Amino acid sequence: IFGLVSILFINLVDTFYISLIGVRELVSISFTFPVTFTLMSFSFGIGIGAAAIISHAIGEGDHQRVQRLTTDSLLLVTLIILFVSGLSYIYLHSIFSLMGASDESFLLIKEYMIPWLMGVVFVVIPIVGNSAIRATGDTKTPSIIMVIAAIVNAVLDPFLIFGFGPFPELGIQGAAIATVISYIIIMIVGLWVLG
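Residues numbered from 1 in each chain as written. Predicted model: local features only at pLDDT ≥ 70, side-chain atom pairs only at ≥ 80, totals over all residues. Heavy atoms only, no water.

A.B. asks: Give a detailed account of a nonpolar patch on the surface, specifying residues and quantitative values.
C.D. replies: A surface patch of nonpolar side chains, amounting to about 630 Å² of accessible area, comprises F2, V147, I151, V155, F159, F164 and F167. The element that contributes the greatest number of residues to the nonpolar patch is helix α6 (residues 140–162), accounting for four residues. With respect to the helices, strands and loops of the structure, F167 is situated in the loop between α6 and α7 (172–194). (Patch = residues over 30% accessible without salt bridge, like charges linked within 9 Å, V, L, I, M, F, W, Y side chains within 5 Å. Areas by Shrake-Rupley, 256 points an atom, 1.4 Å probe, with all protein chains shown as cover. Salt bridge = Lys/Arg side-chain N within 4 Å of Asp/Glu carboxyl O. Helix = DSSP H or I, 4+ residues; strand = E, 2+ residues; numbered from the N terminus.)

A.B. asks: Quick rundown of the environment of I114? Include the residues and the values.
C.D. replies: Structurally, I114 is set in helix α5 (residues 103–135). Apart from the residues lying within four places of it in its own chain, the contact partners of I114 are Y89 and L92. (Contact = heavy atoms within 4.5 Å.)

A.B. asks: Break down the nonpolar core for me, citing the residues and quoting the values.
C.D. replies: Nonpolar side chains in soluble globular proteins generally cluster together in the buried interior. One finds F96, Y112, M113, W116 and Y183 to be the most contacted residues of the largest nonpolar core, which totals 46 residues. Sorting the residues of this core by element identifies α1 (2–21), α2 (23–60), α3 (63–90), α4 (92–98), α5, α6 and α7 as the ones contributing at least two each. Considering every element that reaches this core, the biggest residue donor is α5, with 16 residues. In contact with W116, other than residues within four places in its own chain, are T36, L39, M40, V123, A176, T179 and V180. Counting residues in hydrophobic clusters, the runner-up holds eight residues, among them A50, A51, V66 and A132. (Core = buried A, V, L, I, M, F, W, Y, C linked by side-chain atoms within 4.5 Å. Buried < 20%, exposed > 50% of the residue type's maximum accessible area, 1.4 Å probe, protein only.)

This is how it looks when you write it as structure tokens:
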């Protein structure tokens with residue numbers, strides 16, 4: 001529950017800070033949520049399936065199979081998400097036009113979606129990795145990992161969106177970059193735990 005709430009919190013924090021920029025930016029970012037949640041749903045689905053087969057292998061005491069299934073699950077989600085995000089990048093304008101985004105909104109949507117799509121693989125690997133950790137019966141560690149992502153994102157957002165200190169003002173793009181950085185950090189933590 002804490003892990004899922006943390007993912008929602010990341011989007012809530014992004015929305016809050018972006019709302020401080022302006023209404024056009026807020027409207028534009030709202031168009032991205034169905035697309036980002038759809039892409040993340042692939043990883044949730046693979047994560048649920050991975051947890052089921054990994055926990056079964058753990059129950060059989062087959063440690064080598066557990067490692068192979070975990071690696072295969074991470075590789076599978078990586079390949080699927082690279083393919084789907086690549087298609088999303090190619091058809092980005094068409095996707096958001098079908099959703100009713102104006103050309104003016106699309107320029108802002110593009111600012112968010114391009115860095116997000118480029119880093120989405122770092123977003124989905126921790127989700128599947130956390131499912132593999134949960135398969136061992138450890139539900140606390142994945143929750144802590146996702147809470148770390150939410151905290152890192154909440155800290156980075158104002159710096160990258162508004163350009164505090166040595167950071168440039170990136171606006172909507174800064175929110176996407178903050179999200180990707182937070183997931184890169186937890187991906188490293190999650191892979192270390194899995195190792």
